[in-house]
Amino acid sequence: MASVHESLYFNPMMTNGVVHANVFGIKDWVTPYKISVLALLHEMTASKITLPERRRLNKLILPLQQGPDLTLGQFLKTVEERCPQTAYAVKLRLHEMADGELKDMEYFFSTLPTPFTAFDTEAYKTSVVGLFMRHMLLAYNKLSFSQVYKLYKSLQHYYHSHYAKPVDGQVPALVADDSEMDLTSIDDTVGDRVDKEEMDTALHESELQSDNTPSRGPLSQKQAEYFLARQAYLLKNDENKALKPAALQEELNNMLKFNPDFAEAHYLNYLNSMRVQDIFLSAHSLLHYFDRLILSGNDGKSNGDEGYGRSLRYAALNLASLHCRFGHYQQADLALQEAIRIAQESNDHVCLQHCLSWLYTLEQMKGSDSTVLTEDSVKMAAHFCLPYLASLGIQSLVQQGATQGKTAHKLMDALKDTDILHWKHSLSELIEISLAQTTSIWRMYGKSTMSLQQAQLLLNMSSLEPVNFGVQQNNTEAFAVVLCHLAELHAEQGLYGAVSEIIQHLKEQFPPHTQHAKLWMLCDLKIQFERHMNEGKYHLAEPLVTAIAALNQTEGLYRKAQVLKALNRSTEAYHILQQLQARCEKIKCTEMVIRVMLSTAELHWESSGFSTALPVLLQALALARQHHLQSLASETILHLAFTQLMLGVPEQALYVLHEAIEPILAHRAVMDKGRAMLLAARCQMAVAGFRPNRQGQADLRLAASALDTLNEAATYFTQLNCKERLRDVRYLQAQLHHSLGQTLECNKTAMLFRLLDQELQSPAPPVSMRL
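Residues numbered from 1 in each chain as written. Predicted model: local features only at pLDDT ≥ 70, side-chain atom pairs only at ≥ 80, totals over all residues. Heavy atoms only, no water.

Novice: Lay out the overall build of the chain with the relevant residues and their values.
Specialist: A tally of regular secondary structure across the chain gives 34 helices and 2 strands. Partitioning the contacts of the chain with sequence separation of at least 6, the portion at a separation of at least 24 is 67%. (Helix = DSSP H or I, 4+ residues; strand = E, 2+ residues; numbered from the N terminus. Contact = heavy atoms within 4.5 Å.)

Written out as structure tokens, the structure reads:
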């Protein structure tokens, strides 16, 4: 199921998508790149541009102003994609200044529209363009003559380096040597240096590649705020579009080199370290963030909503969440108790509610029953009008209820109430989590059609979030969970072409270094394993067990037992199943307990006899019905029917099978449909009095019905390329045709059986010994 507490990780850096960077202290200055932006704004103001082109350029202004400096080639290419005519005019304007004299640059600044006089253009004083122009004009007017001259020489270098050919594999720098420029109050370069690999990086399809080209000089305050806001937003909503962990770490190190007390950079460093599961650097950066936050100029109150007290209690809360993620439950409990103590002293009810949410989450991670704590959390969150935490608590209760055997209609009613809350408060993220939870619950209950419907509903839902930075809100954990369910549902129906497309999409949206990549990795391995097992390719399925165990130890042990059982290593398989059952009963994983019981019953068939399997199967059936797991209940009934057939009561087996055949055909996998039809045909043959290689009168009507059932089973097995099962079907078809005197059909099916037997090159197990 989707993790309903992924959003509880407190992010004090973000407020409506804005990073509060109040300690950076570097003001804007004039650079060659910003002169290029001024030239663009001047051309937009002075020249006539069509309305669509103007709209495209207007969308480009803010990223150009706030992003790190670009090379001239990147800048011109970006503008040219929106309006080639304007890009050419900007190039001419820069050419006039760079190939002219200093007075040409002076003339350019003198002709810029003044923000206080341009009322009818983009350069009006209260507009983004007007404020930017005003800042640049003020910064330019404050320069001394020597600084203006150095700026002009830097502009020439910036322009000509774009057309100069690299020498000995070197890429020309954005600006001249550090000693040639001193336009700011600190001895830093005007522009940003980028190496050859960064300069060769192509622009993103819809976004500037400024964030993917880390700068080497100090950023201004606005540039730093924009960079941190963008990366934090992308890490939360679309990690694939954010910088790679190593590149982001390098950029943050460069930022902290110029200002070690930049608190927000430390917090982004913490988020980046969490991506690569670096516990040491994560804790180090988190503690540095709150240390710097306290020293950054708060009002110094020890209590209340602001000041040291708030920073300290949220520091402890974040530290607890960090240890929870890494499974350090004792350390998490200590940090959580500290956060609760400080919050109680400060009467901070919001913080206490966050602490209570993490308290029941921690109890769930330990395997304890946290129902009472969760209910208390929901009541208190509703009392203090905290819909987000109240909804998370209700979804957690639904998740616990699903594992404890609550009926589906009660869980769906609870989710319906939370959905009303979500839509009322426009909680888009929780709407996604709710739909992912509903998809998982329907699938657990064995209702594949309802699960597929909920998955499609989420995938086709328009986001309520504002579309910032080109993110479409489709890279969250909820979407990953739903896509994995969709892949497994297609695999169950034998549609492996569609499965490959879904997995490929998951690989593109959630690369291996992202935090949700483990979901599709495990899903892909399980699909491959089941496919190889269905096709009888056990030598290909066995290596996948190790990879599955690395991602999920419980699933790995179960798959290992399945392979050992298929290889007739029953003793080893039995020991693993007993070990796995004890573990799953301890952590209350009912689904896996039932699967283990079914596998244990199959081992009893091969060793001690069919009668000894009955108590295990009856126990599994009672457990499945108690928890309303229709899918596993149908599977258990199949095993019971097969056991009764082998014990010589085919009439009772056929009667029991009719109870499960409808849900199997409606919701189960193609493999299960084929097995059910094959078992039904064998029961019909036994009831009809048919005995292979024996003389006797058989019921022709039931025999004909068995033939139709076998034909349907053959269709299912052919769809999955399950040749071993198909060989069993052809064998029974040949026997039936022979007993009915249908020589032509008998010869045809016998030939098909022989071809399959020669292709498999392995002795067929007795048909009577396998379900």
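Novice: Please set out the side chain of T418 residue by residue, giving values where relevant.
Specialist: Structurally, T418 can be placed in helix α18 (residues 408–425). What T418 contacts, discounting residues up to four positions off in sequence, is S391, I394 and S434.

Novice: So what's going on with helix α20 (residues 448–459)? Residues and values would help.
Specialist: Its 12 residues give α20 an end-to-end C-alpha distance of 16 Å, which sits within 8% of 16 Å, the value for a rise of 1.5 Å per residue. Regarding α20, the residues found buried are S448, S451, Q454, A455 and L458. Relative to the axis of α20, the buried residues are bounded by an arc of 125° and lie together on one face. Its buried side turned inward, α20 meets α19 (428–444), α21 (477–492) and α30 (650–667). (Expected span 1.5 Å × (residues − 1). Buried < 20%, exposed > 50% of the residue type's maximum accessible area, 1.4 Å probe, protein only. Arc of directions from axis to C-beta.)

Novice: So, the packing of aromatic side chains: which residues are in play, and what are the values?
Specialist: Counted under the stated rule, the structure contains 10 aromatic pairs. Aromatic side chains W605 and F642 sit 4.7 Å apart centroid to centroid with 55° between the ring planes, which places their arrangement in the tilted category. Residue W605 is found in helix α27 (residues 590–606), and its partner F642 is found in helix α29 (residues 630–646); the two are separated by 37 residues along the sequence. There is no split in this pair, since W605 and F642 are both buried. Here the aromatic cluster, defined as three or more aromatic residues joined through ring pairs, consists of Y267, Y270, Y289 and F290. Across the ring face of Y496, the terminal group of R531 is positioned such that the distance to the ring centre comes to 4.1 Å. (Phe/Tyr/Trp six-rings, centres within 6.5 Å; stacked < 30°, edge-to-face > 60°. Lys NZ or Arg CZ within 6 Å of the ring centre and 35° of its normal.)

Novice: An account of the environment of L647 is needed here, citing residue identities and associated values.
Specialist: For L647, the position within the fold is in the loop between α29 and α30. When the C-alpha positions of L647 and F610 are compared, they lie 7.0 Å apart, and in sequence the two are 37 residues distant.

Novice: Break down α29 for me, citing the residues and quoting the values.
Specialist: The end-to-end C-alpha separation of α29 is 24 Å, in line with the 24 Å expected for 17 residues at 1.5 Å each. Burial within α29 is extensive, with 15 of its 17 residues counted as buried.

Novice: Can you tell me about the nonpolar core, naming the residues and giving the values?
Specialist: Ranked by size, the top nonpolar core spans 101 residues in total, and within it I441, L506, L679, F717 and L736 carry the most contacts. Considering every element that reaches this core, the biggest residue donor is helix α31 (residues 670–687), with 11 residues. Not counting residues up to four positions away in its chain, the partners in contact with L506 are A480, L483, C484 and W520. (Core = buried A, V, L, I, M, F, W, Y, C linked by side-chain atoms within 4.5 Å.)

Novice: Give a description of the environment of K77 that names residues and reports values.
Specialist: Relative to the assigned elements, K77 resides in helix α3 (residues 72–82). Judged by relative accessible area, which is 42%, K77 ranks as partly exposed. Placed 10 residues apart in sequence, K77 and A87 show a C-alpha to C-alpha distance of 8.0 Å.

Novice: Before we move on, can you summarise the pattern of salt bridges with the specific residues and values?
Specialist: One pass over the full model with this rule turns up 25 salt bridges. Taking the shortest distance from any N to any O, the salt bridge between R559 and E530 comes out at 3.3 Å. Of the two residues, R559 sits in helix α25 (residues 553–566) while E530 sits in helix α23 (residues 517–534), which places them 29 residues apart along the sequence. A relative accessible area of 29% means that E530 is categorised as partly exposed. Across the salt bridge formed by E572 and R569, the nearest N and O atoms sit 2.9 Å from each other. Residues joined in a network through salt bridges with shared partners are R443, E488, E492 and K526. (Salt bridge = Lys/Arg side-chain N within 4 Å of Asp/Glu carboxyl O.)

Novice: Mind laying out the packing of α31 against helix α33 (residues 723–739), listing which residues take part and the relevant values?
Specialist: The N-to-C vectors of α31 and α33 enclose an angle of 25°; their axes lie 12 Å apart at closest approach. Of the possible angle classes, the one that applies to α31 and α33 is roughly parallel. Regarding α31 and α33, the two cross each other, and that crossing is left-handed. Here M671, R675, L678, R682 and M685 of α31 come into contact with α33, specifically with R725, V729, L732 and L736. Each residue belonging to the contact of α31 with α33 can be placed in one class, and the counts come to 6 nonpolar, no polar and 3 charged. (Axes fitted to C-alpha atoms, helices over the stretch in contact; angles between N-to-C directions. Parallel < 35°, antiparallel > 145°, perpendicular 65-115°, else oblique. Left-handed = near helix turned anticlockwise from the far one by under 90°. Nonpolar A, V, L, I, M, F, W, Y, C, P; charged D, E, K, R; others polar.)

Novice: Tell me about unusual backbone geometry, and please be specific about residues and values.
Specialist: Its identity as a non-glycine residue notwithstanding, N347 has a phi of 55°, on the positive side. Mapped onto the fold, N347 is located in the loop between α14 (329–346) and α15 (349–366). Residue N347 is classed as exposed on the basis of its relative accessible area of 59%. Unusually for a residue other than glycine, H628 sits at a positive phi of about 60°.

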